[in-house]
Amino acid sequence: MNHFTKIINVSGTMTGLGASIASESVAQATSAAMKNFIFIHEAQRHASTVIAELTGAEKGFLTASASAAITLSVAAAITGLDAGYALSLPKGVKEKSKVVVQAGHLCSYGAPIATAIELAGAKVVSVGQATQTSDISLDYALDENTCAALYVVSHHTASYGMIPFERFVEICHAKNVMVIVDAASEMNLCGFIEKGADIAIYSAHKFIGGPTAGIVAGKKDAIRAAYLQNIGIGRGFKVGKETILGACVAMKEWLSKDRIAERKEEKEILNFWKKSVEKIDGIKAYIKPDPTGNLIDRLELHINHQKLGANAAMVADALANHNPSIIIRNHFIEHNIIELDPCNLKEGQSEIVAKALKEILSDKAALKKAADITDSQRNGTVDGYLSW
Ligand SMILES: *Cc1c(COP(=O)(O)O)cnc(C)c1O
């Protein structure tokens with residue numbers, strides 16, 4: 001790891017940073033798997049029992065990512081248990097392949113969610129407007145060619161005006177439409193299954209701290225149909241032995257994790273950071289709970305451009321240029337807010353962050369030289385994929 005840029009991740013469970021840090025036992029499980037053979041179906045059946053325990057679902061399996069899990073779940077809704085049909089996807093898709101999604105849920109998590117749906121051969125049907133969907137428009141959109149409806153739980157979606165999950169399930173199930181929920185970045189692993197989701201999807205590499213994988217949990221036949229897709233479109237999404245065994249250990253550890261206690265410790269760190277910046281003119285600091293109800297708080301720094309002599313993007317740039325590079329959460333950067341997420345810190349890093357915050361935010365001359373938000377940052381993440 002020595003020749004790579006040293007990073008302190010106060011951004012969150014971001015794919016572009018490697019998502020999360022695995023525990024020693026998760027790392028050992030992946031490493032041990034690498035040295036042995038295993039029947040993959042047997043490993044996946046073991047994963048199924050762990051996923052069932054974790055989520056309350058009947059069955060589950062692992063795939064390459066939550067994004068892959070969306071594609072495979074949609075394919076499952078299209079083909080059911082018909083293996084011949086599964087083999088024919090995506091080209092052989094028939095008319096009953098519409099997937100209904102609320103307009104406010106058609107988000108990007110680094111790639112458009114619509115792409116994950118369309119990869120299965122499905123057609124996306126958007127209902128409602130960006131910040132408002134009514135029950136009747138959902139009900140009306142569910143016709144005889146609808147195979148599934150996708151519900152997204154995320155800070156990336158519209159935060160108001162959406163149909164509550166229970167109501168969404170009720171409307172879809174009244175028309176026998178399968179409900180898939182993308183809860184990739186949620187800690188609530190049981191709630192959506194409990195409330196009737198046919199399939200619930202999570203990322204193993206986010207809060208759970210596993211190797212990169214998508215967790216697909218749900219009703220038995222829906223899961224069988226989704227796993228079946230590995231004979232066709234799922235091949236490119238496969239996971240190996242190391243991922244399956246590592247993710248199983250991570251999921252078991254998550255089951256015994258005390259998030260309440262961890263959150264308390266994290267809050268102490270946030271308070272410590274807050275104190276380190278509070279006296280700086282042009283900075284206001286607030287501790288805020290996660291917007292979708294995850295058991296985590298973050299520190300918001302509200303930046304007064306005039307008083308500080310730099311806007312939020314410039315502060316983020318200055319922190320990123322620190323050694324080690326401090327990567328903040330930037331969803332509200334255009335509102336002159338940066339967020340600091342405490343969930344991925346390693347021993348000793350909270351002190352480095354506090355010191356860097358104080359130094360950088362007090363150094364007006366250096367802040368002035370920091371780069372403002374660039375067009376390529378504003379336009380998404382394309383630049384990074386082309387600049388090598
Ligand atoms: C992170 C995320 C994804 C993508 O997850 P991967 O496992 O990285 O593919 C999909 N949906 C939501 C809501 C996410 O937060």
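Quick note: structure is the one above.
In every chain, residue numbers begin from 1 and rise along the written sequence. Residues qualify for local features only when their pLDDT is at least 70, as the model is predicted, and side-chain atom pairs are given and counted only at 80 or more; totals for whole chains, interfaces and linings, by contrast, use all residues. Processing note: side-chain calculations cover all non-hydrogen atoms of the structure and skip hydrogens and water entirely.

Observations regarding the overall build of the protein chain
Here comes step 1: Here a strand is any run of E in DSSP of at least two residues, a helix any run of H or I of at least four, and the numbering for each starts at the N terminus. Helices and strands together make up the secondary structure of the protein chain, namely 17 helices and 12 strands.
Here comes step 2: In terms of overall dimensions, the protein chain is globule-like: its C-alpha atoms have a radius of gyration of 22 Å, near the 21 Å expected for 388 residues.
Here comes step 3: Viewed in the frame of its principal axes, the protein chain has a C-alpha envelope of about 65 × 50 × 40 Å.
Here comes step 4: Type-normalised accessible area, obtained with a 1.4 Å probe on protein chains alone, sets the label of each residue: buried when under 20%, exposed when over 50%, and partly exposed for intermediate values. Classification of the 388 residues of the protein chain by burial places 48% in the buried group. Our radius of gyration looks at C-alpha atoms and nothing else; its globule reference is 2.2 Å times the residue count to the power 0.38.

With respect to the site of the ligand
Here comes step 1: In the vicinity of the ligand there are 13 residues, among which Ala66, Asp182, Ser203, His205 and Lys206 approach most closely.
Here comes step 2: Throughout this description, a polar contact denotes any pair of N or O atoms lying within 3.5 Å of each other; where both atoms belong to protein, one of them has to be capable of donating a hydrogen while the other can accept it, and for residues adjacent in sequence the pair is counted only when both atoms sit in side chains. The contact in question runs from an oxygen atom of the ligand to an N or O atom on the backbone of serine 67, over 3.0 Å.
Here comes step 3: Every accessible area reported is derived by Shrake-Rupley at a probe size of 1.4 Å, with residue values counting cover from the shown protein chains alone. Contact with the protein chains hides 92% of the accessible area of the ligand, taken as 380 Å² for the molecule alone. We call a residue near a given molecule or strand whenever any one of its heavy atoms falls within 4 Å of it.

Comments concerning the pattern of salt bridges
Here comes step 1: The rule for a salt bridge is simple: a side-chain nitrogen of Lys or Arg has to be within 4 Å of a carboxyl oxygen of Asp or Glu. With the rule as written, the count across this model stands at 18 salt bridges.
Here comes step 2: Notably, a salt bridge pairs lysine 288 with glutamate 300, separated by 3.1 Å at the nearest N-O pair. Of this pair, lysine 288 sits in strand E9 (residues 283-289) while glutamate 300 sits in strand E10 (residues 297-303), placing them 12 residues apart in sequence.
Here comes step 3: With its nearest N and O atoms 3.5 Å apart, the salt bridge here joins glutamate 359 to lysine 355. Here glutamate 359 and its partner lysine 355 are both found in helix H14 (residues 349-362), 4 residues apart, which amounts to about one turn of the helix.

So, the sheet that holds strand E7 (residues 199-203)
Here comes step 1: What makes two strands pair is DSSP finding at least two bridges between them. Strand order in this open sheet of 7 strands is E2-E8-E7-E6-E5-E3-E4, and the pairing throughout is mixed. Either end of the sheet is taken by a strand with one partner, and the two such strands are strand E2 (59-63) and strand E4 (123-127). Pairwise comparison of adjacent strand axes, ignoring direction, gives a mean angle of 25 degrees for this sheet.
Here comes step 2: Sheet topology note: the strand E6 (residues 178-182)/E7 ladder contains 3 bridges and is parallel. In the strand pairing of E7, aspartate 182 is matched with isoleucine 201. Note on geometry: axes are lines fitted to C-alpha atoms, helical ones only across the stretch in contact, with angles between N-to-C directions running from 0 to 180 degrees.

Digging into the nonpolar core
Here comes step 1: Core analysis: the largest hydrophobic core is formed by 47 residues, its most contacted members being Leu62, Leu138, Val181, Phe192 and Met251.
Here comes step 2: Counting residues per element, this core draws most heavily on helix H10 (residues 241-255), at 6 residues.
Here comes step 3: To form a nonpolar core, buried Ala, Val, Leu, Ile, Met, Phe, Trp, Tyr and Cys residues must be joined to one another through side-chain atoms within 4.5 Å. Counting 37 residues, the second largest nonpolar core, distinct from the first, contains Ile70, Ile78, Ile117 and Ala122.

Some words on the side chain of serine 20
Here comes step 1: Position of serine 20 relative to the elements: it lies in the loop between strand E1 (7-10) and helix H1 (24-34).
Here comes step 2: One polar contact links the side chain of serine 20 to the main-chain carbonyl oxygen of lysine 206, over a distance of 3.5 Å.
Here comes step 3: Throughout, a residue-residue contact means that at least one pair of heavy atoms, one from each residue, lies within 4.5 Å. In this structure serine 20 touches His205, Lys206, Gly209, Gly210 and Asn344, once residues within four positions along its chain are discounted.

Describing the sheet that holds E9
Here comes step 1: An order of E9-E10-E12 is seen for the 3 strands of this open sheet, with the pairing classed as antiparallel. The outermost strands of the open sheet, each flanked by one partner alone, are E9 and strand E12 (337-340). Neighbouring strand axes in the sheet, compared pairwise and without regard to direction, differ in orientation by 25 degrees on average.
Here comes step 2: The pairing of E10 with E12 spans 4 bridges and is antiparallel. Counterpart to leucine 301 in the pairing with E12 is isoleucine 338.

Quick notes on the environment of isoleucine 233
Here comes step 1: Tracing the sequence through the fold places isoleucine 233 in the loop between helix H9 (220-228) and H10.
Here comes step 2: With a relative accessible area of 16%, isoleucine 233 lands in the buried category.
Here comes step 3: Residues isoleucine 233 and alanine 313, 80 residues apart in the sequence, show an inter-C-alpha distance of 40 Å.
Here comes step 4: Ignoring anything within four residues of it in the chain, the contact list for isoleucine 233 reads Thr71, Leu72, Ala75, Leu89, Pro90 and Ala120.

Here we look at H14
Here comes step 1: To estimate how far a helix should extend, the number of its residues minus one is multiplied by 1.5 Å. Across its 14 residues, H14 extends 20 Å between first and last C-alpha, which sits within 8% of the 20 Å expected from 1.5 Å per residue.
Here comes step 2: Every buried residue of H14 is listed here: Gln349, Ser350, Val353, Ala354, Ala356, Leu357, Ile360 and Leu361.

Here's the deal with the pairing of strand E3 (residues 98-102)
The side chains of a regular strand alternate, first on one face of the sheet and then on the other.
Here comes step 1: Of all 5 residues making up E3, 4 are buried, and the element is well covered by its neighbours.
Here comes step 2: Two strands pair when backbone bridges link them, and E3 and E4 are joined in this way by 5 bridges, in the parallel orientation. Paired with valine 99 across the two strands is valine 124, which belongs to E4.
Here comes step 3: Viewed with both strands pointing away, a crossover whose connecting path from the first strand over the helix to the second turns clockwise is right-handed. Note on the crossover from E3 through helix H5 (residues 113-118) to E4: the handedness is right-handed.
Here comes step 4: Relative to strand E5 (residues 146-152), E3 runs parallel, the two sharing 4 bridges. Counterpart to valine 101 in the pairing with E5 is leucine 150.

Looking at unusual backbone geometry
Here comes step 1: Residue leucine 89 is joined to proline 90 through a cis peptide bond whose omega torsion reads 5 degrees.
Here comes step 2: One can find proline 90 in the loop between helix H4 (83-88) and E3.
Here comes step 3: The phi torsion at asparagine 336 lies on the positive side, around 65 degrees, for a residue other than glycine.
Here comes step 4: Its place among the elements puts asparagine 336 in the loop between strand E11 (325-328) and E12.

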